[in-house]
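# A structural walkthrough
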Amino acid sequence: MGIQPNAIERMVGTFRMGGGLPEELDFDSPAIKALVASMNPSRRKTFLAMAKDPDVRKISNVFNTGLGKYWERVVTAKEKGRKLVFMPFNFSPEIFYALDMVSVCVEVLNTMTMTLEEGIASYLDLAVERGLPDSMCSAQRAVVGMLEAEVIAKPDLLINGALGGCDPNTKVFEYMGEKFDIPTLFIDVPYYHDKRSFEYYRRGFKQVVKVLEEVSGHKLDEDRLREVCSLSNRAT
Amino acid sequence: MGAFEELAEVSGGLSNRYVQGWKDQGKKVMGYVCTYMPEELLFAMDILPYRLTGRGVADTSVADSYLSRVNCSFARCCLELGLSAGYDFLDGAVFVNGCDHIRRAYENWAVHESAALPFMYILPVPHKITPEGLDWFQEEVGSFKSAVERRFKLKASPDKLREAVAVYNESRRLLKQLYDLRAGDNPPLTGAEMLTIISASMAMPRDEFNRLLKQVLDEVGSRPNAGPGKTRLLIAGSIMDDPEFIENVESLGAIVVTDSLCFGTRNIWNLTDEDGDPFTALCKRYYEHEPCPRMAGHYRRRLDFVKEQIERAKAEGAILEHIKFCDQHGTDNALLKKDLEAAGIPVIELEREYGPLSDAGRVRTRVQAFLERIG
C-alpha cells in the first residue's frame, strides 16, 4: 500500500482499536485468523505481541488508549487553539505542557509510522528522494518524508533543544525549518557537563521560553510547571 | 624552483622543510583540525599551527578498528595518521567539537597513550552565533591559551598577538587577490593550483607563506588564461584538500573559479579587526567567520555566501560535494541544491570518499554529464 493522507488521524484510529481489545480472543477462530492474515507483516507482529497473551492484552489496552488520547491531542491542537511544536527526544516536553502547547517528539512520531498500513519505508525513501542524504539517521527521516508527502500538518514551530547531541539530530531540524518554511528555535548544549555549562544552557533555555510565551500566548506559570514536572516524574 | 612549485612541495606531503626548519630552531609545532581554532594565538607563541588532514593515507585499517563503519573517511584518515606515527613530528594537537566524526577521531587518538601527542586538547565551540556564545567561546579560547602557555612555558603577549594578527590578515588579503584574479575573465590559476596554495598556507609559517605568495602573485601576472573556453564552476561542501580531485574535474573541460570550502574562501574571507584588544578581536573573527554547517540556524547566510561567490566569479554551475556520512554538509547541500537551482544555477551533488582520486571514475562520469547539461 502506498502513501496515504491523514497519517496522525489514522494513528489515532489504530490506537483506539488497539485500546479496545476484548478480554476473550480466540486466535484459532477463522475470523481472527483472517484478520491476522490480512495485516502487513510489521503490523501483524505488533498486533500479536500486544494481543496474544491475555495479561499483555490488558496492559496493551491501557497503553494504546493512552497513545490514542495523546495523538488525538495532536490532531485537535489547532481547533483547540493550541500551538503544535516538534522537538527532539533529548528535550523537555514539560515546558510545552506548562504553556498549554502540544509537543511532538520527532523520533516518536517517526516510530509511529509503523502503525500505518503503508509502514515506514515509503517515508524513509521519499525523504531521500527529495534530497536528504541516505546516510542520515532513520530516527527522524520518516517525519521528513511525511512532511514531504503532506500526510501530516506542518507544526507551528520546531525546536532543537539539544544542539551538538549528534549531527543528524542537529541538522534535521534546520533542514525541516528551511525546506518546509517552519520557524525554528535552537538551544545550545555545551560540550562539558558542569555548573558553567548548566548556566549557559539555562540562559539559552530562558530565551526560548520567552519566544514560546509569545507564540503560545501564555505566560509561564512556575506553579503549573512544577505540577507538570511532578506528573512527569510520577510517570517516569 | 619557482614560488608555486615550492608551495606545491609543502602541500604535497605531511612534514616539509619549513616544518623541519622550524623544529630545528627548537620551536614547537601544533596540529589543529578546524577553521574555528585561532591560528594566530599559537603563532604569537612561536608555535607553528599545522592543519591536520589525512593526506596521503591509502589504508585506514588501524583507524577502522576503533571507528565504526559510519564514520567519515576524513576522520578515519586523520586517526590513521595519528595512531600510526604519521604525525609524530607534532608536539601537540588541538581539535574542535566540529562534528561527531572528528570528535570520535580525537577521543580515540587521545585515549591511546602510546600514540597520543604530548599535548592533546579539544576546543569546544558553541553551535549558535549569539552574544552569549561569543562570551563562551572567548572563555574557551582563553582556557586553551592558558593550557598551551602552561604546557610549553610560552606566552602570547598582546604585542605578539597583534603581530600575528597582522601576518594572518595580510595572508588573507593576498589570497583574496588570487580569488579576484580567478574571478576575472582570464583566470591565471586553475582551481587545483589554488587548493595547492591554500593547503600550503596551513602547513608552514605564515610569514614565509606570505613571502612566497607575493612571488606567486607576481608570477601569475604573466601567465596565460588557464581556462579559455572552459566551464566556470564553484565547488562547495565537506573538507577538501585534494588538488587531484579538482584536477580530475578540471580535466573534463571545466575550471573551478571559486569555492565555499574551509580550505578556501570560508577560511579567508573575514579579517580580524586590528584596532583594540587583539585577543577579543581574534575570538570575534573566528567565532563569527563564514559559518560551517555545524553552526545551527545560519543556512541563509551560507546560501547568500555561495550565491555571492558564484556571482562574483561568474560561475556557470556549482559542484556541491560531501564526504559520505558527513550529515552536516549532506543536509546543507540538499538545501543549497534546491535554492541554487531555483535561482537558475545548475548544480551537481556529489557524494565522495576522502582521499586523492578515490572513486575518480564515477566522479568523472557524473561531472562530464553535468558539464554537458550546462552546455
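Position numbers for residues count from 1 along each chain, tracking the sequence in the order it is written. Chain labels run from A onward and ligand labels from 1 onward, assigned in the order the entries are written. This being a predicted model, a pLDDT of at least 70 is required before a residue's local features are given, and a value of 80 or more before pairs of side-chain atoms are given or counted; all residues contribute to the totals for chains, interfaces and linings.

In this assembly, 24 residues from chain B lie in contact with 25 residues from chain A. Listing elements by their share of the side of chain B that touches chain A, those giving two or more residues are α7 (131-152) and α15 (327-342) of chain B. Considering each element in turn, the side of chain B that touches chain A owes the most residues, eight residues, to α15(B). Ten residues, namely Ala, Val, Leu, Ile, Met, Phe, Trp, Tyr, Cys and Pro, are considered nonpolar, four, namely Asp, Glu, Lys and Arg, are considered charged, and the remaining ones, Gly among them, are considered polar. Its residues assigned to classes, the side of chain B that touches chain A shows 10 nonpolar, seven polar and seven charged. By definition, residues are in contact whenever their C-beta atoms, placed on the basis of the backbone, come within 7 Å of each other. Strands are runs of DSSP state E lasting at least two residues, helices are runs of H or I lasting at least four, and both sets are numbered from the N terminus onward.

With that out of the way, let us pick up the packing of α7(B) against helix α13 (residues 278-288) of chain B. Residue and element names in this part refer to chain B. Helix axes are fitted only over the stretch in contact, all axes being lines through C-alpha atoms; the angle between N-to-C directions runs from 0 to 180 degrees. Between α7 and α13, the least distance of the axes is 10 Å, while the angle of their chain directions is 120°. What the angle tells us is that α7 and α13 run oblique. Crossing of α7 over α13 shows right-handed handedness. Here α7 contributes Gly133, Leu134, Phe137, Gln138 and Val141 to the contact with α13, which in turn contributes Thr280, Cys283, Lys284 and Tyr287. Here the contact of α7 with α13 is composed, by residue class, of five nonpolar, three polar and one charged. In what follows, roughly perpendicular refers to angles from 65 to 115 degrees, roughly parallel to angles under 35, roughly antiparallel to angles over 145, and oblique to any angle outside these ranges. Note on convention: near helix rotated counterclockwise from far helix by under a right angle means a left-handed crossing. Clockwise means right-handed.

A few words now on the pairing of strand β8 (residues 347-352) of chain B. Strand pairing is assigned whenever DSSP identifies at least 2 bridges connecting the two strands. Looking at chain direction, strand β7 (residues 317-323) of chain B and β8(B) are connected through six bridges and run parallel. Looking across to β8(B), one finds that Leu320(B) is bridged to Glu349(B).

Turning our attention to the confidence of the model for chain B. Mean pLDDT for chain B: 96, with 99% of residues reaching 70 or above. Quick note on the complex model: pTM equals 0.94, ipTM equals 0.94. pLDDT expresses how confident the predictor is about each individual residue, on a scale running from 0 to 100.

This part covers helix α5 (residues 73-83) of chain B. All names here are of chain B. The burial label depends on the number of other C-beta atoms within 10 Å of a residue's C-beta. Counts of 20 or more mean buried, 12 or fewer mean exposed, and intermediate counts mean partly exposed, with C-beta atoms placed from the backbone. Counting buried residues along α5, 11 of its 11 residues qualify, which places the element largely inside the surrounding structure. Taken together, the buried positions of α5 are occupied by Ser73, Phe74, Ala75, Arg76, Cys77, Cys78, Leu79, Glu80, Leu81, Gly82 and Leu83. Elements that come into contact with the buried residues of α5 comprise α4 (61-64), α6 (100-111) and β7. One or two residues past the end of α5 sits Ala85, with phi positive at roughly 65°.

Attention shifts here to the domain arrangement of chain A. Residue and element names in this part refer to chain A. Domain annotation for chain A reports domain 1 (1-75) and domain 2 (81-236). An automatic or database domain assignment is the source of the domain bounds shown. With centres defined by C-alpha atoms, the gap from domain 1 to domain 2 works out at 26 Å. Contacts between the two partners involve 16 residues from domain 1 and, on the opposite side, 15 residues from domain 2. Among the secondary structure elements, those contributing two or more residues to the side of domain 1 that touches domain 2 are α1 (7-18), α3 (41-51) and α4 (54-75). Considering every element that reaches the side of domain 1 that touches domain 2, the biggest residue donor is α1, with five residues. Across the side of domain 1 that touches domain 2, the residue classes break down as seven nonpolar, seven polar and two charged.

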